[in-house]
Amino acid sequence: MNLTPSLLIGISLAFPLLVLLLIGLLGRSPNLRDGVTLILSSVLFYFVCCLADHVFQGGRPEWLLGTLLPGFSIAFQVEPLGMVFALVASGLWIVTTVYGIGYMRSHNEQHQTRFFACFAVAIFAALAAAFSANLFTLFVAYELMTISTYPLVTHHGTEKAKRGGRTYLGILLFTSIAFFMMAIGWTWSITHTLDFQPGGILQDSLESGNVQPWQLALLLALFAFGIGKAALMPFHRWLPAAMVAPTPVSALLHAVAVVKVGVFTILKVAIYVFGIDLISETHIGDWLAYLAGATILLASLVAMTKDNLKARLAYSTVSQLAYITLGAALATPASVMGGGMHIVTHAVGKITLFFCAGAIYVATHKTDISDMRGLGRAMPLTMGAFFIASISIIGLPPGGGVWSKWFLALGTVETHHWFLLAALMISSLLNIAYLIPIPIRAFMKPTTGEPLKFKEAPLMCVVPLCCTAVGTVVLFFLANQLYEVLLPITKVTQ
Amino acid sequence: MIEQHLPVLVVIVPLIAAPLCVFLFNRTLVYLFALATCWATFGLSLFLLAKVLQTGPISYELGNWPAPYGIEYVADYLSTFVMSFVTGIAAVVLTYAPRSLNEEVDPSRHYLVHPMYLLCLSGLLGICITGDLFNVFVFLEISSLSSYALISLGRSRRAPLAAFQYLVMGTIGATFLLIGIGLLYQLTGTLNMADMATQLGDDHGSRTMLVAFAFMTVGLCIKMAVFPLHTWLPNAYTYAPSIVTAFIAATATKVSVYAFIRIVYSIFTPQFAFDVHGLDVFLTAFALIGIFVASTAAIYQVNLKRLLAYSSIAQVGYMLLGISMNNQDGLTSGIVHMFNHAVIKGGLFLVVGCFALRLSSVRLEDLRGASRTMPWTSFAWVLGGLGLIGVPLTAGFVSKWLLLTAALDNASYLVAGLMLLSSLLAVVYVWRVVEILYFSEPSEAVKSSREAPWSMLVPTYLLIIGILVFGVWTSYSVGIASQAAQALLGGSP
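Residues numbered from 1 in each chain as written. Chains lettered and ligands numbered in written order. Predicted model: local features only at pLDDT ≥ 70, side-chain atom pairs only at ≥ 80, totals over all residues.

A word on the overall build of chain A. Counting its secondary structure elements, chain A contains 21 helices and two strands. Its C-alpha radius of gyration of 21 Å places chain A within 12% of the 23 Å reference for a compact globule of 494 residues. Counting only C-alpha atoms and orienting by the principal axes, one finds that chain A spans roughly 75 × 55 × 45 Å. A burial count over chain A gives 61% of its 494 residues as buried. Of all intrachain contacts in chain A linking residues separated by at least 6 positions in sequence, the fraction that spans at least 24 positions is 81%. (Helix = DSSP H or I, 4+ residues; strand = E, 2+ residues; numbered from the N terminus. Rg over C-alpha atoms; globule rule 2.2 N^0.38 Å. Buried ≥ 20, exposed ≤ 12 C-beta atoms within 10 Å, placed from the backbone. Contact = placed C-beta atoms within 7 Å.)

Written out as structure tokens, the structure reads:
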């Protein structure tokens, strides 16, 4: 097929909407509905790969959808960071769809049509954010994601779901309206452009004295707190609250799509709005780096206290997301590279862990870690995958996570932030402390009650989590390719 | 031939149709006649808008008396824009009306509804199009008197009292306006707005002029329901029949805002109002206080109509913020918000009407779990509520974004920040209702109810989808509004 890259952007964005439409039409026959979702998500991945092929060879395809308001357009331009994010989101969508079908059916969940429909919208929003060419488009996609995932979080419609949803929507809307929108408006009033440009758009204004460094520091703060999806403390509460959702939601959205849109936006703002040179020269990111460091440690410590597996994973995510914010705040080529890589490695690792949590719940209805003793006998595949993914999250070989942590550590060394280096190292130890005991207990400790028989979750749950577990190891060996692909984002100007 | 008389036809058609309605005895016939009139007026005003966009402002001399002596009608960007959405909403609301009226208004009084409705519409349109200041007063009274009558038709025993409250406040407002007009007439010897503006010229010092301006501003602030002159509004909106609330909430306050813009920008000039006398500071302050107070009040309401009424008071504040910014972007955002809010609030009040029909109550406790039996109506509330909050891809976002960028460009950081913070209050009062609709156990009333009829859902969704359409396609709303703002500012050097 001979498709121009800009057309590919359009097709990639249209596909989730097509899925949405078909899900709506085929809602009455679940098999057809889920089959179509599965096929179309695979086709979407193919198109995204085609686009990636072009982008990684240096192309920067653009597509202008239209002008929403005079001066503010909905436009897309694909660069490597967004491309990598889009690949991750669309690739893991296939896996999650398989898993979601298995999970939702074996649970006899209600409202499956609504569930898969909202899922498609969320993926659409993720891709739109990934491809966005300006802050305005990114903001629209960001908010669309918040709204479309609310019904997923509150899927069960219980009192607990209502409360979780309230926290979720409250914090995400509050931060995005009060801070993020303000930051975008302010950026616009300084520069009169919102386009992402290599090297940033604020440099000129700073040189011409239009804006003072302290104002830029304030602007960076507005962005950092406004992008609530990055779950920087103290605006992280929504993420644990969102765990009330069914596990596939937690897996794809709250380990990959939603939170990664957050950190992706932070990276994007740091690289293409401020410019990493500007941040590192003026040191306006230093406080943010330390806040991220604090979030890394505090969230890890909180994670250790959680007995509920999903809650523990949620706090682990908060901590891991701060790694990426740290990479953006340090603003060196190495740290930005580390941040970009971490989007990928953490996504694959964490989605595996969530899949495992869901599989355990499906097979045994257990949610608390203290109940999981001896579970390794019953669910060897699940627990094995959990172990492999934990290795990657901790940052040990042969998990992909080792590379991103390596580059982040390199960034702290380059900028002589020794405390932050220490924070990274301590965090790895904490990761070991709160992740590794789970598989160890499952395999080594005998069960309290009668010995468990082999009882894995349904195949549609187990196969995806094995795939992603293998993926974490594959990423270890693919690091060079990932590095090459992401290299352009560390260059200051084109 | 007809085309030439369009400006007057828009006002005259509903004005003449109104008394004719009384003579038609058959209820269905009356309704159909009024409906046809409304849609025809809508068509006429769209036609007029198209003509103005094509050829520029049109001046029409009533009875062929030349301008400063006779009465002049001026169809320019702003007036035709406002007229187009006022008539549009009037037509949609009346399409929705029959089932709702049957439920909410005593059948013996049905014959009053349609003539009053048309009279009110004609009054509102008259305020928009006339270029004569005394005419503004006359039409204001026509629309106000008919709206008092409409409000008093509500079934609740409190409806007449609410109407009376409104009557007292509204009359004070209209009288203030009249005093102002009288003083200006004494000063200039003319009632034609354009002529008056020329005669007043750069004279900024006259005490008479200042007093006239003060009277007119306060008078219109009462009609606009600007905090703290809003007290008539919550009761009037709550106890009026649903369709009356929908119609008045979406149009009447907007037209008052329109009249205010006219007076500030076309007669007194912003230099006089803002630069010399510093009205912008007062307006901004009252607007912000009003937004916070009214939004907070909305959070604590237990009656859905009352909740939306307080929200309306808050939303007027956003319009005033834009208008008092005294630059083109700000004024544009104010005008755009008039339109967007009309669509949003109109749509939401129609949703409320659907609940009122099926549940015979709009108290929040009776709405518990309504999404089970009324999924479409409930979902319409969600969409409309998102518009009210100002989520991207809805009309509310467009006006909020314009206001934000205008404020930041104006270096009014405090205003921008407070404006954004206040819009979070809208999240609370909208989502509180969403949670009640979706996450509560159904109330008794809900269990025995069913989805609203198509005849009401379709017009409701017409406006609700309008919220989404005008959130994406802005060349109509923002395009014309910015042209209007440019014309208003260009007219006053």
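Here the focus is the overall build of chain B. Within chain B, the secondary structure is distributed over 19 helices and two strands. Relative to its length of 493 residues, chain B is compact, with a C-alpha radius of gyration of 21 Å against a globular reference of 23 Å. With the C-alpha coordinates aligned to their principal axes, the bounding extent of chain B is approximately 65 × 55 × 40 Å. For chain B, buried positions account for 63% of its 493 residues. Taking the intrachain contacts of chain B between residues at least 6 apart in sequence as the baseline, contacts between residues at least 24 apart amount to 80%.

Residue and element names in this part refer to chain B. When you line up the elements, isoleucine 16 lands in helix H1 (residues 6-23). Using a count of 12 C-beta atoms within 10 Å as the deciding quantity, one classes isoleucine 16 as exposed. When the C-alpha atoms of isoleucine 16 and leucine 404 are compared, they prove to be 44 Å apart, with 388 residues separating the residues in sequence.

Judged by nonpolar contacts, the single largest core of 408 residues is most densely connected at Ala89 and Ala126 of chain A together with Val93 of chain B. At 21 residues, helix H10 (residues 242-276) of chain B tops the list of elements feeding residues into this core. In this structure alanine 89 of chain A touches Ile123, Ala126, Leu127, Ala130, Val256 and Ala257 of chain A, once residues within four positions along its chain are discounted. (Core = buried A, V, L, I, M, F, W, Y, C linked by C-beta atoms within 7 Å.)

A few words now on the interface of chain A and chain B. Contacts between chain A and chain B engage 21 residues on the former and 24 residues on the latter. Broken down by secondary-structure element, the contributors of at least two residues to the side of chain A that touches chain B are strand E1 (62-69), helix H5 (135-153) and helix H6 (159-191) of chain A. The element that contributes the greatest number of residues to the side of chain A that touches chain B is H6 of chain A, accounting for 12 residues.

What follows covers helix H9 (residues 232-239) of chain B. Residue and element names in this part refer to chain B. Most of H9 sits inside the fold, with eight of its eight residues counted as buried. Inspection of H9 places Trp232, Leu233, Pro234, Asn235, Ala236, Tyr237, Thr238 and Tyr239 among the buried residues, and these make up the whole buried set. Tucked into the core, H9 has its buried residues touching helix H5 (133-152), helix H6 (158-188), H10 and helix H12 (304-323).

The next point concerns helix H8 (residues 213-226) of chain A. Residues and elements named next belong to chain A. Here H8 contains 14 residues, and its C-alpha end-to-end distance of 19 Å stays within 8% of the 20 Å for a straight helix at 1.5 Å per residue. Within H8, burial applies to Leu216, Leu219, Leu220, Leu222, Phe223, Ala224, Phe225 and Gly226. Where the residues of H8 are buried, they touch H6, helix H7 (203-207), helix H10 (247-274), helix H11 (276-282) and helix H12 (286-305). (Expected span 1.5 Å × (residues − 1).)

Take the packing of helix H14 (residues 333-364) of chain A against helix H21 (residues 479-490) of chain A next. All names here are of chain A. Direction vectors running N to C along H14 and H21 enclose 130°, while the axes themselves pass 9 Å from each other. By the angle class used here, H14 and H21 are oblique. Crossing handedness for the pair H14 and H21: right-handed. Facing H14, whose interface residues are Pro333, Val336, Met337, Gly340, Met341 and Val344, H21 presents Leu482, Tyr483, Leu486, Ile489 and Thr490. Its residues placed into classes, the contact of H14 with H21 shows nine nonpolar, two polar and no charged. (Axes fitted to C-alpha atoms, helices over the stretch in contact; angles between N-to-C directions. Parallel < 35°, antiparallel > 145°, perpendicular 65-115°, else oblique. Left-handed = near helix turned anticlockwise from the far one by under 90°. Nonpolar A, V, L, I, M, F, W, Y, C, P; charged D, E, K, R; others polar.)

This next bit is on the pairing of strand E2 (residues 72-77) of chain A. Residues and elements named next belong to chain A. For E2, the buried fraction is high: five of the six residues fall into the buried class. Here E1 pairs with E2 via six bridges, running antiparallel. Within E2, the residue paired with tryptophan 63 across the bridge is phenylalanine 76. Counting the residues between successive antiparallel strands, the hairpin from E1 to E2 contains two residues, one of them, glycine 71, with a positive phi of roughly 95°. (Pairing = 2+ DSSP bridges.)

Residue and element names in this part refer to chain B. For chain B, per-residue confidence averages 89 on the pLDDT scale, and 99% of positions sit at 70 or higher. When pLDDT is averaged over each element of chain B, H5 comes out on top at 93 and helix H17 (residues 444-447) at the bottom at 83. The ipTM, which scores confidence in the relative placement of chains, is 0.87 for this predicted complex, and the corresponding pTM is 0.91. (pLDDT = per-residue confidence, 0-100.)

Residues and elements named next belong to chain A. At the junction of methionine 233 and proline 234, the peptide bond is cis and its omega measures out at 5° in the coordinates. Looking at the secondary structure, you find proline 234 in the loop between H8 and helix H9 (238-241). Residue proline 398 is bonded to the preceding proline 397 through a cis peptide linkage, with omega at 0°. Mapped onto the secondary structure, proline 398 falls in the loop between helix H16 (380-394) and helix H17 (401-414). Of note in the backbone geometry, histidine 416 takes a positive phi value of approximately 60° without being a glycine. Mapped onto the elements, histidine 416 comes out in the loop between H17 and helix H18 (418-435).

Between two packed helices, what matters for the description is the angle formed by their axes and the separation of those axes. Residues and elements named next belong to chain B. Remark: helix H14 (residues 375-389) packs on helix H16 (residues 413-439), axes separated minimally by 9 Å, with the N-to-C direction vectors making an angle of 170°. Judged on the interaxial angle alone, H16 and H14 are roughly antiparallel. Within the contact between the two elements, H14 uses Ser378, Trp381, Val382, Gly385, Leu388 and Ile389 and H16 uses Ser423, Ala426, Val427, Val430, Val433, Val434, Leu437 and Tyr438. Here the residues of the contact of H14 with H16 are counted per class, giving 11 nonpolar, three polar and no charged.

A word on the environment of valine 276 of chain B. With respect to the element layout, valine 276 of chain B can be found in helix H10. Through-space distance from the C-alpha of valine 276 of chain B to that of leucine 140 of chain B is 29 Å; in sequence the pair is 136 residues apart.

On to the environment of leucine 298 of chain A. All names here are of chain A. Examined against the element boundaries, leucine 298 turns out to sit in helix H12. For leucine 298, a count of 17 C-beta atoms within 10 Å translates into the label partly exposed. Along the backbone, leucine 298 and glycine 91 are 207 residues apart, and their C-alpha atoms lie at a distance of 32 Å.

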